[in-house]
Amino acid sequence: MKVKRIISEERMLLPELRDVLLSVEAARLESGDEMFYELRKSIEHANHLSKTSAEKARALVDELMKLEKMKEDIAYRIANLMPRTRDELRAIYAKERFNLTTEELDEILDLVMTHF
């Protein structure tokens with residue numbers, strides 16, 4: 001399948017994607033349509049990697065965006081990956097031109113743990 005053009009583009013959290021894929025799966029099963037290999041694998045991947053609900057992930061992004069050194073793409077990465085340690089969090093910030101202090105890392109990890 002060739003993509004001719006992109007109509008729109010928006011960021012989406014993995015738990016939100018899982019909910020959308022599950023609704024597509026339910027609609028296909030209800031109508032008796034075939035589940036293609038790519039759809040089955042996408043659903044399996046989203047189920048395996050989603051660590052929280054869509055509501056909690058969205059609330060986490062909203063709270064992370066209130067922090068001083070937070071960019072939108074990093075907030076989405078944190079909500080998708082749900083890091084548990086400082087090292088995992090530092091890996092997310094590895095390409096940034098600034099470093100976070102231990103207190104800032106702990107503040108972010110505390111937010112992640114409250115939304116797990």
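First things first, this report covers the structure right here in the doc.

Analysis parameters
- Residues numbered from 1 in each chain as written.
- Predicted model: local features only at pLDDT ≥ 70, side-chain atom pairs only at ≥ 80, totals over all residues.
- Heavy atoms only, no water.
- Axes fitted to C-alpha atoms, helices over the stretch in contact; angles between N-to-C directions.
- Helix = DSSP H or I, 4+ residues; strand = E, 2+ residues; numbered from the N terminus.
- Left-handed = near helix turned anticlockwise from the far one by under 90°.
- Contact = heavy atoms within 4.5 Å.
- Nonpolar A, V, L, I, M, F, W, Y, C, P; charged D, E, K, R; others polar.
- Salt bridge = Lys/Arg side-chain N within 4 Å of Asp/Glu carboxyl O.
- Buried < 20%, exposed > 50% of the residue type's maximum accessible area, 1.4 Å probe, protein only.

Details of the packing of helix α3 (residues 54–64) against helix α4 (residues 72–81)
Now for step 1: Their axes nearest at 9 Å, the elements α3 and α4 cross at an angle of 145°. Seen along the crossing, α3 lies across α4 with a hand that is right-handed. Only A75, Y76, I78 and A79 of α4 make contact with α3, whose side of the interface consists of A57, R58, L60, V61 and L64.
Now for step 2: Here the residues of the contact of α3 with α4 sort into eight nonpolar, no polar and one charged.

Considering the pattern of salt bridges
Now for step 1: Within this structure, the stated rule accounts for nine salt bridges.
Now for step 2: When the shortest N-O distance is used, the salt bridge between E16 and R58 registers 2.9 Å. Of the two residues, E16 sits in helix α1 (residues 14–31) while R58 sits in helix α3, which places them 42 residues apart along the sequence.
Now for step 3: One salt bridge in this structure joins K71 and E96, with 2.7 Å as the shortest N-O distance. Of the two residues, K71 is situated in the loop between α3 and α4 and E96 in the loop between α5 (86–92) and α6 (102–114); the sequence distance between them amounts to 25 residues.
Now for step 4: Owing to a relative accessible area of 16%, E96 belongs among the buried residues under this scheme.

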